[in-house]
Amino acid sequence: MRDVVVVGAGHNALVAACYLARDGLDVEVVERRDVVGGAVSTVERFAGFRMDVGSSAHIMVRHTGIVDDLDLGAVGLDYLDLDPWGFAPFGDDAIAFRVDLDATCASIEKVCGARDADAYARFVTDWSARNARIFDAFQRPPTLANLGRHLWSVGRGTGLAGPELSRQFLTTGDSLLDEHFDDERLKTALAWLGAQSGPPSHEVATADLVGWNTMMHRLPPGHPKGGSGMLSVALARRLESLGGTLRLSDGCARIFGRDGRVTGIEVDSGDRIAARTVVAGCHVLTTVELLGDALPAAFAERARRTIRVGNGIGMVVRLATTDLPRYPAGLGGDEWRALQLLAPSRTFLRAAHGRFSAGLPPERPAAVAMTFSAFDDTLAPPGRHNVTVWGQWHPYELSNGEDWDAIREREGTKLVDAVDAAAPGFADSVEQMHVQTPLDLERELGLRRGNVMHVEMGLDQMFAWRPLPELSGYRTPLGGLYLTGASTHPGGGVFGASGRSAARVVLADRVRGRRRPGRRRLPRR
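Residues numbered from 1 in each chain as written. Predicted model: local features only at pLDDT ≥ 70, side-chain atom pairs only at ≥ 80, totals over all residues. Heavy atoms only, no water.

Asks: Please explain the pattern of salt bridges as it appears in this structure.
Replies: In a structure, side chains of opposite charge can pair up when their charged atoms sit close to one another. The final tally for this structure, using the stated rule, is 44 salt bridges. In this structure, Asp 182 engages Arg 115 in a salt bridge whose closest nitrogen and oxygen atoms are separated by 3.4 Å. Residue Asp 182 is located in the loop between helix 8 (173–180) and helix 9 (184–194), and its partner Arg 115 is located in helix 5 (residues 114–138); the two are separated by 67 residues in the primary sequence. Between Lys 187 and Asp 178 there is a salt bridge whose closest N-O contact spans 3.0 Å. Taking relative accessible area as the criterion, Lys 187 reaches 7% and is therefore assigned buried. Of the residues examined, Asp 178 reaches a relative accessible area of 41% and is grouped as partly exposed. One network of salt bridges, in which partners are shared, links Arg 2, Asp 26, Glu 28, Arg 247, Asp 250 and Asp 271. (Salt bridge = Lys/Arg side-chain N within 4 Å of Asp/Glu carboxyl O. Helix = DSSP H or I, 4+ residues; strand = E, 2+ residues; numbered from the N terminus. Buried < 20%, exposed > 50% of the residue type's maximum accessible area, 1.4 Å probe, protein only.)

Next up, the structure:
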């Protein structure tokens, strides 16, 4: 019997497996795909082109300390800094966001004026300090004690009274930007960055999604040399070095339970693996289905009806090209290291989200272009480039009766055109295009309804409410069954914190189990 079986080899699941194996437990990870990483994996789409399957730029995980704690550099993980980390072109002008705050303010002043540059410096100082404290809360289970301790420290650090502090966090991202800045170009770039979690900046409680951007002045996003999946490959190597086992191309078909406790799983090949503990790293609703009648029917129905998966977020194209985007206001090549923020205005963003809300694909999508082959020669053959273009917002379920399989090329071409609008001539450089629609994201990666965050990132689905209050601590109603992954606190993105927190909960429960009442005690003297 295994101590632990982990369902799925996504990066959070692998992080959990590594920490559990490091504590001496016998751990096996099962995965249906033939590569590790889930949405953090890299494959060859075209001959000689290593293309990411899901996430590309790694932001949050670099702030967690997990990479150093597990010494992933020793097993092949090599991060290349994205600095500048943001590049927002507006015709003949462009704003460059660099780790160096003074350099960023100089770029802002050149485009937007001295007042906005000075306001940005103050904004970064304030909101990066707030988010450093909030980030501590992200790295622990969302108990009332943990949340209260870390979020209360935000108030002490700002010196603001509770009502004003809460107002600032509960306001819209757009309102926050309007309070601080004048120039629409700066506000557009920051709003588009903040929208990468899904909710648009005109929705309530999106202020900190904008404020979070300031943390990148402390540590930039990173690109793993060899592709996003190299993080997951390094985690798999570390797991094996710790004595863990990894089973690929043989995913979980069922999770078994008896008398209120988990007993193990069955994999697609028919093998049964008995286990004292199961950690499910797949989508929370997939976990509910795998449990079948082992989970109380009323709870399963509550989960299906209450957890908000939403209607997708976006889609992506992976391009094999002969050249990189040539922006009129380029930075001499530095712009190719950055996330290229292609949205002309906040009005443009609102129009795109309006069609998304109506269940329609965008007429003109807002996009983020990534050009990592400009500085990582492992991603494309000599003389060629590997360009990723992510677009928001694209609904999974279309209200106009169209089918994603029928319109994939049309919608993929719109994303190429979005880059071409900012970098004229880029479309002519495209030789091959691989389109991942919201439906494709569900099929290939198990991302329900194409939601790359698993569950909506709205306020009511965060912290102690994610994915449900009774599941927010990584535990489930079935003893010995735990959750990790983007469905759980702190949410989606390349993070890893959920995996480490889930492992800590498992280990703490094992200690409590050994101290359970009823054990023989020494008599009192």
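Asks: Honestly, the packing of aromatic side chains in this entry has me stumped. Any pointers?
Replies: Geometry of an aromatic ring pair is reported as the spacing of the ring centres plus the angle between the planes. In this structure the tally under the stated criterion is 15 aromatic pairs. On the basis of an interplanar angle of 85° and a centroid distance of 6.4 Å, the ring pair of Phe 46 and Phe 49 is categorised as edge-to-face. You'll find Phe 46 and Phe 49 in the same group, each marked buried. Look at Phe 138 and Phe 495: their rings are 6.1 Å apart centre to centre, the planes differ by 75°, and that puts the pair in the edge-to-face class. Residue Phe 138 is found in helix 5, and its partner Phe 495 is found in the loop between strand 18 (481–483) and helix 17 (497–514); the two are separated by 357 residues along the sequence. Residue class for Phe 495 comes out buried when judged on its relative accessible area of 4%. Feature note: the residues Trp 85, Phe 97, Tyr 120, Phe 123, Trp 127, Phe 169 and Phe 181 constitute an aromatic cluster, connected by ring pairs. In this structure, Arg 62 is placed above the aromatic ring of Tyr 79, and the distance from its NZ or CZ to the ring centre is 4.8 Å. Its end group placed over the ring of Phe 375, Arg 337 keeps NZ or CZ at 4.1 Å from the ring centre. (Phe/Tyr/Trp six-rings, centres within 6.5 Å; stacked < 30°, edge-to-face > 60°. Lys NZ or Arg CZ within 6 Å of the ring centre and 35° of its normal.)

Limitation: the analysis is restricted to geometry and does not speak to function.
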